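These are the residues of each chain, in order.
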Amino acid sequence: METHVAKFDHILTTLIIPFAWKILGAFAVWILGGICIRTSQRILRSALNKRTVDPTLTTYASKTMGVALKILLVVAILGIFGIETTSFSAILAAAGVAIGIAWSGLLSNFAAGVFLILLRPFKVGDAISAAGVTGTVREIGLFATTIDTGDNLRIFVGNNKLFSDNILNYSSNAYRIATFKIQLSSEVNPSEALERFKSTLVLVPG
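Cut-off values and rules
Residues numbered from 1 in each chain as written. Predicted model: local features only at pLDDT ≥ 70, side-chain atom pairs only at ≥ 80, totals over all residues. Heavy atoms only, no water. Pairing = 2+ DSSP bridges. Helix = DSSP H or I, 4+ residues; strand = E, 2+ residues; numbered from the N terminus. Core = buried A, V, L, I, M, F, W, Y, C linked by side-chain atoms within 4.5 Å. Buried < 20%, exposed > 50% of the residue type's maximum accessible area, 1.4 Å probe, protein only. Patch = residues over 30% accessible without salt bridge, like charges linked within 9 Å, V, L, I, M, F, W, Y side chains within 5 Å. Areas by Shrake-Rupley, 256 points an atom, 1.4 Å probe, with all protein chains shown as cover. Salt bridge = Lys/Arg side-chain N within 4 Å of Asp/Glu carboxyl O. Lys, Arg positive; Asp, Glu negative; His and termini not counted. Charge placed at Lys NZ, Arg CZ, Asp CG, Glu CD. Contact = heavy atoms within 4.5 Å. Phe/Tyr/Trp six-rings, centres within 6.5 Å; stacked < 30°, edge-to-face > 60°.

**Describing the sheet that holds strand β3 (residues 144-149)**
Step number 1: In space, the five strands of this open sheet follow the order β4-β3-β2-β1-β5, with antiparallel pairing throughout. Whereas interior strands pair on both sides, the edge strands pair on one side only; in this sheet they are β4 (154-158) and β5 (168-169).
Step number 2: Two elements, strand β2 (residues 133-140) and β3, share five bridges in a ladder whose sense is antiparallel. What sits directly across from threonine 136, in β3, is aspartate 148.

**Thoughts on the nonpolar core**
Step number 1: Grouped together as the largest cluster of nonpolar side chains are 13 residues, with contacts concentrated most on Phe122, Ile128, Val137, Ile140, Ile147, Val157 and Leu162.
Step number 2: Elements that contribute at least two residues to this core include exactly α4 (104-119), β1 (127-130) and β2.
Step number 3: Ranked by residues supplied to this core, first place goes to β2 with three residues.

**Things to note about a positive patch on the surface**
Step number 1: A contiguous patch of positive charge, built from Arg38, Arg42, Arg45 and Lys70, is present on the exposed surface.
Step number 2: Within the element layout of this structure, arginine 45 appears in helix α1 (residues 2-50).

**Describing the environment of leucine 142**
Step number 1: Position of leucine 142 relative to the elements: it lies in the loop between β2 and β3.
Step number 2: Its relative accessible area of 24% is what places leucine 142 among the partly exposed residues.
Step number 3: Between the C-alpha atom of leucine 142 and that of leucine 107, which follows or precedes it by 35 residues, the distance is 9.7 Å.
Step number 4: Those residues in contact with leucine 142 that lie beyond four places of it in its chain are Tyr60, Lys63, Asn109, Phe110 and Asn159.

**What to know about the pattern of salt bridges**
Step number 1: Evaluated as defined, the whole model comprises three salt bridges.
Step number 2: One salt bridge in this structure joins lysine 123 and aspartate 126, with 3.4 Å as the shortest N-O distance.
Step number 3: A relative accessible area of 39% places lysine 123 in the partly exposed class.
Step number 4: Among the residues examined, aspartate 126 registers a relative accessible area of 6% and is labelled buried.
Step number 5: Note that aspartate 148 and arginine 138 form a salt bridge whose closest N and O atoms lie 2.9 Å from each other. Placement of aspartate 148 in strand β3 and of arginine 138 in strand β2 is noted, with a sequence separation of 10 residues between them.
Step number 6: Three or more residues are tied together by salt bridges with common partners; here these are Arg138, Asp148 and Arg154.

**Structural notes on the environment of valine 67**
Step number 1: Among the secondary structure elements, valine 67 is positioned in helix α2 (residues 55-80).
Step number 2: Here valine 67 falls in the exposed class, since its relative accessible area comes to 52%.
Step number 3: Note: C-alpha distance between valine 67 and isoleucine 37 (30 residues apart in sequence) is 9.3 Å.

**Quick look at the packing of aromatic side chains**
Note on aromatic pairs: each is described by the distance of the centres and the angle between the planes.
Step number 1: Considering all chains together, one arrives at two aromatic pairs under this definition.
Step number 2: The interplanar angle of 45° and the centroid separation of 6.0 Å between the aromatic rings of phenylalanine 110 and phenylalanine 143 together place this pair among those described as tilted. One end of the pair, phenylalanine 110, is in helix α4; the other, phenylalanine 143, is in the loop between β2 and β3, and 33 residues separate them in sequence.
Step number 3: Given a relative accessible area of 29%, phenylalanine 110 falls into the partly exposed group.
Step number 4: Since its relative accessible area comes to 33%, phenylalanine 143 is described here as partly exposed.
Step number 5: Here phenylalanine 115 and phenylalanine 163 contribute two aromatic rings whose centre-to-centre distance is 5.7 Å and whose plane-to-plane angle is 20°, an arrangement assigned as stacked. Here phenylalanine 115 is found in helix α4, whereas its partner phenylalanine 163 is found in helix α5 (residues 159-163), with 48 residues between them in sequence.
Step number 6: Here phenylalanine 115 falls in the partly exposed class, since its relative accessible area comes to 41%.

Take a look at the structure:
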C-alpha cells in the first residue's frame, strides 16, 4: 500500500502538479497577452487617427498587428509546455507556403486591397463603377470591397477584380459634364433659349 502511495506522490509531484502549473501559466499568458494585444491595437489606431490616416488603412494596420502578435503569443505558450518553437516556426513557415500556393487567389485579393489603400483610386463613400458593378463604396476590406448599388443591393467584389479593371470614380471631381440635346422652333432665338436654359440649371457636386 505504501508503495502505491509513494508512486502516486511521485507522479503527483513530478507530472501532475508541474503540468497544472504550466496550464495556469499558459492561461495567464493568454489572458495578459490578449490584453496587451488589444491595448497595442488601440494605441496604434489612436496614433494613426491623430495623423489623419485613412480609416481603412488604420483598420488594415490594426488587424495585421493583431494577427502577428497572436502568432507570437501562441508560440510563447507552446514554449511554456516545452514544445520546440524553432521546429514549430519551420512547420508554420512551410504551412504558410503551402497555404499561399493553395490560396493564391485569396492572397492576390489581399495584395490588391493593400494597393487600393495605398494608391486610393477611391475611398469609402465614393460612387464608383468597376468590375461590372456600379454603386457606393461602403467598406474596403482585407479581401473584398463592399458596394451598395442604386437598387439597394449589397455586393462584395474581390479586390483583385476591382484593381485589375478600369475604375470610374464619380465622386473624385467636384462636377461632371452633362450633354443635352434640345430641339428648338425656328422662331426661337437660340442664344436667348440657351440663356434661359442655363438659368434653370443647378450644379450638384459629384
